[in-house]
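Letter by letter, the chains look like this.
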Amino acid sequence: KSVDDLAQHGERGGAAEDPAELVAREEQVFGDNPLEVRESDHYTHEYVGGFVDKWDDLIDWKKRYESEGRFFIDQLKARGVESVLDVATGTGFHSVRLLEEGFETVSADGSPQMLAKAFSNGLTYGGHILRVVHADWRWLNRDVHGEYDAIICLGNSFTHLFSERDRRKALAEFYAMLKHDGVLIIDQRNYDAILDDGFSSKHTYYYAGDDVSAEPDHVDEGLARFKYTFPDKSEFFLNMYPLRKNYVRRLLREVGFQRIDTYGDFQETYADQDPDFFIHVAEKN
Ligand code: SAM
């Protein structure tokens, strides 16, 4: 199957609607009451063409590469990882990085538009042919086959699941697709700081210099709605579930991961309120 076929039709179900229609649609759809949109299925309506293209044109891969350094690569190599499943491929940044480092990589995502963009980015950045699979995490085993040494779910992606049932289901699917001594690396924004420290922490995050800004538009215990503003003044939104750090650690433990190390902005030691991101490294054994 070509990536165009995939982008048009998907590998198999998962998306709530006809993917061909989603690919064609440029506008985000939140309906009359955006604050009521708290559904795990809604991500396919949020990552639409306009947003994806703008985001990727502006976020400089080279800068991202530099700021991340070798953190993920070192975590994987230290564990002798060879095969990796990137379950939140997005526009392909980490998949391409992994291929460059020689990992056997499969790139999955629930958004056909993202996979199409990732595939073309793979060719652009180093002539890599990404192995893309359209799959929703909640039914991952149905659509992706095999067992992996590692699974990565990065770029604050897990936040798109709005119910605990969906989170447990997704983590159980990740667990099942790992080899007996596999590792899951999953990250999240530091929502504890945003929820607990009040307005002062609801600062604007800038990407690619000052070109793109992300700021909380609404935050409560069940919703973090962020507004992204681009240089041409266009605005896009993402509705996310504000995951607390210790809650995610508990879920990871409860689905069976034996050891969970949580880093703050790639550091082992940090004051809880400081990092923008937490990264959980969860070992099966
Ligand atoms: N990892 C990439 C990065 O860091 O640039 C992309 C991150 S993007 C914020 C989140 C990605 O997760 C999107 O590509 C979205 O389609 C995907 N996603 C969200 N919920 C999903 C689900 N239930 N199943 C599969 N993919 C999902």
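Since the structure is predicted, the reported quantities are computational estimates derived from the model, not experimental observations.

**Here's the deal with the packing of aromatic side chains**
The description of an aromatic ring pair uses the distance of the two centres, along with the angle that the planes make with each other.
Now for step 1: Under the counting rule described, the total for this entry stands at 12 aromatic pairs.
Now for step 2: Look at Phe71 and Phe72: their rings are 5.2 Å apart centre to centre, the planes differ by 90 degrees, and that puts the pair in the edge-to-face class. The two residues Phe71 and Phe72 agree in class, both being buried.
Now for step 3: Here the aromatic rings of Phe71 and Tyr263 are separated by 5.1 Å at their centres, their planes lie at 75 degrees, and the arrangement is edge-to-face. Here Phe71 is found in helix H6 (residues 71-78), whereas its partner Tyr263 is found in strand E10 (residues 259-264), with 192 residues between them in sequence. The burial state of Phe71 is the same as that of Tyr263; both residues are buried.

**Describing the pattern of salt bridges**
Now for step 1: Summed over the entire model, instances satisfying the criterion amount to 23 salt bridges.
Now for step 2: The shortest N-O distance in the salt bridge between Arg70 and Asp74 comes to 3.3 Å.
Now for step 3: Across the pair Asp166 and Arg138 runs a salt bridge, and its minimum N-O distance is 3.6 Å. One end of the pair, Asp166, is in helix H10 (residues 164-176); the other, Arg138, is in the loop between strand E3 (132-134) and helix H9 (140-143), and 28 residues separate them in sequence. With respect to class, Asp166 is no different from Arg138; both count as buried.
Now for step 4: Each of Arg70, Asp74, Lys77, Arg97 and Glu101 takes part in one network of salt bridges that share partners.

**Some details on the site of the ligand**
Now for step 1: The local shell around the ligand holds 18 residues, among which Tyr47, Arg64, Ala88, Asp109 and Leu154 are the closest.
Now for step 2: Within the side chain of Asp109, an N or O atom sits 2.6 Å from an oxygen atom of the ligand.
Now for step 3: At 3.0 Å from a nitrogen atom of the ligand is found a main-chain nitrogen or oxygen belonging to Trp137.
Now for step 4: Burial of the ligand by the protein chains amounts to 94% of its free accessible area of 600 Å².
Now for step 5: Here the shell around the ligand is composed, by residue class, of 8 nonpolar, 7 polar and 3 charged.

**Let's talk about the confidence of the model for the protein**
Now for step 1: Taken residue by residue, the protein gives an average pLDDT of 87. The fraction at 70 or more is 88%.
Now for step 2: Predicted confidence is poor over residues 1-17, with pLDDT under 50, and the contacts of this stretch with residues over four places away or in other chains come to 37 contacts.
Now for step 3: Interface scoring of the predicted complex returns ipTM 0.99; its pTM is 0.88.

**Points about the environment of Thr91**
Now for step 1: Among the structural elements, Thr91 can be located in the loop between strand E1 (83-86) and helix H7 (93-100).
Now for step 2: When the C-alpha atoms of Thr91 and Ile185 are compared, they prove to be 18 Å apart, with 94 residues separating the residues in sequence.
Now for step 3: Among residues more than four places away in sequence, those in contact with Thr91 are Val52, Asp56, Trp61, Met114, Lys117, Ala118 and Asn121.
Now for step 4: In terms of polar contacts, Thr91 uses its side chain to reach the side chain of Asp56, at 2.8 Å.

Rules and cut-offs
Residues numbered from 1 in each chain as written. Predicted model: local features only at pLDDT ≥ 70, side-chain atom pairs only at ≥ 80, totals over all residues. Heavy atoms only, no water. Phe/Tyr/Trp six-rings, centres within 6.5 Å; stacked < 30°, edge-to-face > 60°. Buried < 20%, exposed > 50% of the residue type's maximum accessible area, 1.4 Å probe, protein only. Helix = DSSP H or I, 4+ residues; strand = E, 2+ residues; numbered from the N terminus. Salt bridge = Lys/Arg side-chain N within 4 Å of Asp/Glu carboxyl O. Near = heavy atom within 4 Å. Polar contact = N/O pair within 3.5 Å; in protein donor to acceptor, adjacent residues only side chain to side chain. Areas by Shrake-Rupley, 256 points an atom, 1.4 Å probe, with all protein chains shown as cover. Nonpolar A, V, L, I, M, F, W, Y, C, P; charged D, E, K, R; others polar. pLDDT = per-residue confidence, 0-100. Contact = heavy atoms within 4.5 Å.

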